[in-house]
Amino acid sequence: MSLPPSLPPSLVATLPGAYYTDPGVFARECERVFESMWFCAVRASDLPKPGAFRTVQVGRESILVTRARDGSARAFYNVCRHRGARLRTEESGEARRAFQCPYHAWTYDFDGRLVAAPNLTKMPDLDRVEYGLVNVAVREWLGYVWVCLAEEPPSFEEDVLGEVRTRLGDVASLDNYDVAGLALGRRIRYDVAANWKLIVENFMECYHCATIHPELTEVLPEFAGGYAAQYYVGHGALFGEEIRGFTVDGSEGLDRIPGIREDQDRRYYAITIKPQVFVNMVPDHVIVHRMFPLAVDRTVVECDWLYLPEVVEAGRDVSRSVELFHRVNEQDFDACERTQPSMSSRTYARGGVLVPSEHHIGLFHDWVRGRLSEGGGDAG
Amino acid sequence: MIPVCPLRSLPRGEAFRLDADPPIAVFHTEDGEIYAIDDTCTHQDASLADGWLEGCEVECPLHASRFDLRTGKVDSPPAKLPVRTHTVVVEADTIYVIPSQEPRP
Ligand code: FES
Ligand SMILES: [Fe+2]
């Protein structure tokens, strides 16, 4: 095989096409990325009381996220310890007293302990904790329940908060928005026929903004230059002069979040928290995307628009506000879906190229390669 | 009369399973009453001491039939037969039961 042609200095190579199409690569990503790192699973307010639950796909595993009687978040593998039946198949619901397996009725309390089973008293040697549901590490942050399937979870402070520091310079700049205290104004779920990395790459650059995001570029004129807010550290993209709010037509937004600094007003910030979270902050709301990679060519993205609780409680009209980023999402995901089929083209076997305003995506690619090769083995 | 446990080791809202033959479940209700009934659900082999105590009733942990602790009666299927009730005696801070002499239903 001939060596790849050397690139002119303006260009940097992307990952080869197979990284976006090979189920073996995806399986390895599940293992080394999604099942090893902190994963933002559920909005805390979607678990309003003990026994309320959600099931989420984390890598190759189904995880049951709930609240114990003391109100703390818990997460378990959604796998019965008897003979493996899925405990709950619904996306969400509320268990009244316990999680009971529908197969032979093994019954687990909200701490995962085995509390009852047919003939259990005849098996006094069966330890109820040992044969309880298998626990997953849990953290609540930003008003979300984060889970980690690693046996020894990496430091949340370094991994998750570290991403915020890298992008914003400090965590306080995000704390100002009090994301945990905001209320859900709108949620839209996008089922995207594209590899999760195409979505991350898209979110990291703004070379496409002037072409596919007319409304966004109207609100944030500097985006026409092609440099994403994420290209810099601590940089917020300034609203255009005539723009009154972060809305689809630049009209007035909702009530400003009181904790933000003066210099955070009229600016848009964006953070990628690898591997599956994007956070956008504007003065009156915060948008949180959670990606759920389901297959090498399929990713579900759940997007939450969060506003001050009084804005949501009063039933204020957030539609123009939601519409702006909803369009951006559709425009972006269309572009990702347009790209996915070409990943298996022979012309893309060596991948594509990154222009200077995209060069920082190369760091993401290095990171992916690093994760996949960690601990030896073939990165595929 | 069979000793069960010291009174203080069975707080309100809790149950104790006495490994007699057949086993007996002793409940201390939130109202402070103490009751004893057969521990095994009449539907399937489940321990009612592991069930959910609510007022004067316990719900089987497996299939949600409820038994009245005072009468042993069951409210709804899948269990159809009642459980027996046993006499409780508290003496010198110890709980005792006097097992029923009736045949099991
Ligand atoms: S598989 Fe769950 S009780 Fe048998
Ligand atoms: Fe975009």
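Computed from a prediction, not measured in an experiment: that's the story for all the values here.

> Tell me about the interface of chain A and chain B, residues and numbers included.
On the chain B side, the residues contacting the 16 residues of chain A number 12 residues. Summed over both sides, the interface of chain A with chain B buries roughly 1100 Å², with 46% coming from carbon and sulfur. Of all residues in chain A, Arg97, Pro118 and Thr121 of chain A bury the most surface against chain B, accounting for 47% of the area lost on that side. Linking chain A to chain B there are five salt bridges. A salt bridge links Lys122 of chain A to Asp45 of chain B, with the shortest nitrogen-to-oxygen separation between them at 2.7 Å. Seen at the junction of chain A and chain B, the total is nine residue pairs in polar contact (both at pLDDT 80 or more). Across the side of chain A that touches chain B, the residue classes tally to seven nonpolar, four polar and five charged.

> Lay out the nonpolar core with the relevant residues and their values.
Counting residues in each nonpolar core, the largest one holds 105 residues, and the members touching the most others are Val65, Trp141, Trp146, Val147, Leu174, Phe246 and Tyr268 of chain A. Here Trp141 of chain A is in contact with Trp146, Phe156, Val160, Leu161, Val164, Leu174 and Ile273 of chain A, once residues within four sequence places are set aside. Ala46, Leu48, Cys56 and Val58 of chain B belong to the second largest nonpolar core, which has 19 residues in total.

> Tell me what's going on with the coordination of the iron ion (ligand 2), and back it up with residues and numbers.
Residue and element names in this part refer to chain A. Looking at the iron ion (ligand 2), the protein donor atoms are His208 (NE2), His213 (NE2), Asp332 (OD) and Asp332 (OD), and they sit 2.0 to 2.5 Å from it. Angles of 56 to 143° at the metal separate the four donor atoms of the iron ion (ligand 2), which places the site in the irregular class. The buried category is assigned to His213, whose relative accessible area is 1%.

> Explain the sheet that holds strand β12 (residues 183–192) of chain A to me, and be specific about the residues and the numbers.
In any sheet, the strands associate via hydrogen bonds between backbone groups, in a parallel or an antiparallel arrangement. Residues and elements named next belong to chain A. Read from one edge to the other, the open sheet built from six strands follows the order β12-β17-β16-β15-β14-β13, with strand pairing classed as antiparallel. Of all strands in the sheet, those with a lone pairing partner are β12 and β13 (237–238), marking the two edges. Sheet topology places strand β14 (residues 267–273) next to strand β15 (residues 277–282); five bridges connect them, and they run antiparallel. Bridge pairing links Thr272 to Phe278 in β15. Relative to the sheet, helix α2 (residues 156–168) contacts β14 and β15, its axis offset from that of β14 by approximately 140°. Along the sheet, helix α8 (residues 319–339) contacts β12, β14, β15, β16 (285–295) and β17 (298–307); its crossing angle with β12, the most-contacted strand, is approximately 15°.

> Tell me what's going on with the UniProt feature "domain: Rieske" (unreviewed entry) in chain B, and back it up with residues and numbers.
Summarizing the sequence annotation, UniProt attributes the feature "domain: Rieske" (unreviewed entry) to residues 2–97 of chain B in the numbering used throughout. Overall, residues 2–97 of chain B shows 0% helix and 42% strand. The separation of its end C-alpha atoms is 5 Å.

> Provide a residue-level description of unusual backbone geometry, including the pertinent values.
With the exception of glycine, the majority of residues adopt a negative phi angle, and the majority of peptide bonds are in the trans configuration. Lys274 of chain A connects to Pro275 of chain A through a cis peptide bond whose omega is 10°. Structurally, the position occupied by Pro275 of chain A is in the loop between β14 and β15. Here the bond from Pro77 of chain B into Pro78 of chain B is cis, since omega is 15°, no more than 30 degrees from zero. Within the element layout of this structure, Pro78 of chain B appears in the loop between β7 (66–68) and β8 (85–91). Phi angles above zero are rare outside glycine, and Asn119 of chain A is one such case at about 65°.

> Could you give me a rundown of the environment of Pro341 of chain A, with the residues and numbers involved?
Residues and elements named next belong to chain A. In this structure, Pro341 sits in the loop between α8 and β18 (353–354). Given a relative accessible area of 54%, Pro341 falls into the exposed group. The spacing of Pro341 and Trp367 is 26 residues in sequence and 24 Å in space, taken between C-alpha atoms.

> Could you give an account of the state of the cysteines, with specific residues and numbers?
All names here are of chain A. The tally for this structure, following the rule as stated, stands at one disulfide over all chains. Cys206 shares a disulfide with Cys209; S-S distance 1.9 Å. Since a negative S-S torsion denotes a left-handed disulfide, the Cys206-Cys209 link at about -105° is left-handed. With no disulfide of its own, Cys30 lies 14 Å from the sulfur of Cys148, the closest cysteine sulfur. According to the relative accessible area criterion, Cys30 is buried, its value standing at 0%. Here Cys40 is not cross-linked by a disulfide; its sulfur's nearest cysteine counterpart is in Cys303, at 12 Å. Classification of Cys40 by relative accessible area gives buried; the value is 0%.

> Give a description of the sheet that holds β7 of chain B that names residues and reports values.
All names here are of chain B. Within the open sheet, the three strands sit side by side as β5-β6-β7. Their pairing is antiparallel. Strand pairing shows two members of the sheet lacking a second neighbour, β5 (52–54) and β7, which therefore form its edges. Recorded for the sheet is a direction-independent mean angle of 25° between the axes of neighbouring strands. Alignment of strand β6 (residues 57–59) against β7, held across three bridges, turns out to be antiparallel. By the bridge assignment for β7, Glu57 is matched with Asp68.

Criteria and cut-off values
Each chain carries its own residue numbering, running from 1 in the written order of its sequence. Lettering for chains starts from A, numbering for ligands starts from 1, and both go in the order in which the items are written. A pLDDT threshold of at least 70 governs which residues receive local features in this predicted model, and a stricter bar of 80 or more applies before side-chain atom pairs are shown or counted, although totals over entire chains, interfaces and linings include all residues. Hydrogens and water molecules were not included; the side-chain quantities draw on all heavy atoms of the structure. The contact criterion used is simple: two residues touch if any of their non-hydrogen atoms lie within 4.5 Å. Accessible surface is computed with a 1.4 Å probe, and the buried area is the amount of it that two parts give up when combined, taken over both parts together. Salt-bridge detection follows one rule: a side-chain nitrogen of Lys or Arg within 4 Å of a carboxyl oxygen of Asp or Glu. Residues adjacent in sequence count toward polar contacts only when both atoms are side-chain atoms; beyond that, a polar contact is any pair of N or O atoms within 3.5 Å, and within protein one must be able to donate a hydrogen and the other to accept it. When residues are grouped by polarity, Ala, Val, Leu, Ile, Met, Phe, Trp, Tyr, Cys and Pro land in nonpolar, Asp, Glu, Lys and Arg in charged, and all others, Gly among them, in polar. Grouping buried Ala, Val, Leu, Ile, Met, Phe, Trp, Tyr and Cys residues that are joined through side-chain atoms within 4.5 Å yields what is termed a nonpolar core. In this scheme, a residue with accessible area under 20% of its type's maximum is buried, one over 50% is exposed, and one in between is partly exposed, where area comes from a 1.4 Å probe on protein chains only. Sodium, potassium and calcium take a 3.2 Å donor cutoff, other metals 2.8 Å, and in both cases only N, O and S atoms count; water is not among them, so sites may look incomplete. A site with four donors is called tetrahedral when every donor-metal-donor angle falls between 85 and 135 degrees; four donors are called square planar, and six octahedral, when opposite donors sit more than 155 degrees apart and all other angles fall between 65 and 115; any other arrangement is irregular. Two strands pair if DSSP finds at least two bridges between them. In this description a helix means any DSSP run of H or I spanning at least four residues, a strand means any run of E spanning at least two, and both kinds are numbered starting from the N terminus. Angular values range over 0 to 180 degrees, each being the angle between N-to-C directions of two axes fitted as lines to C-alpha atoms, with helices fitted over their stretch in contact. UniProt positions are given in the numbering used here, feature names are shortened, and annotations may be inferred rather than shown by experiment. Disulfide: a pair of cysteine sulfur atoms within 2.5 Å of each other.

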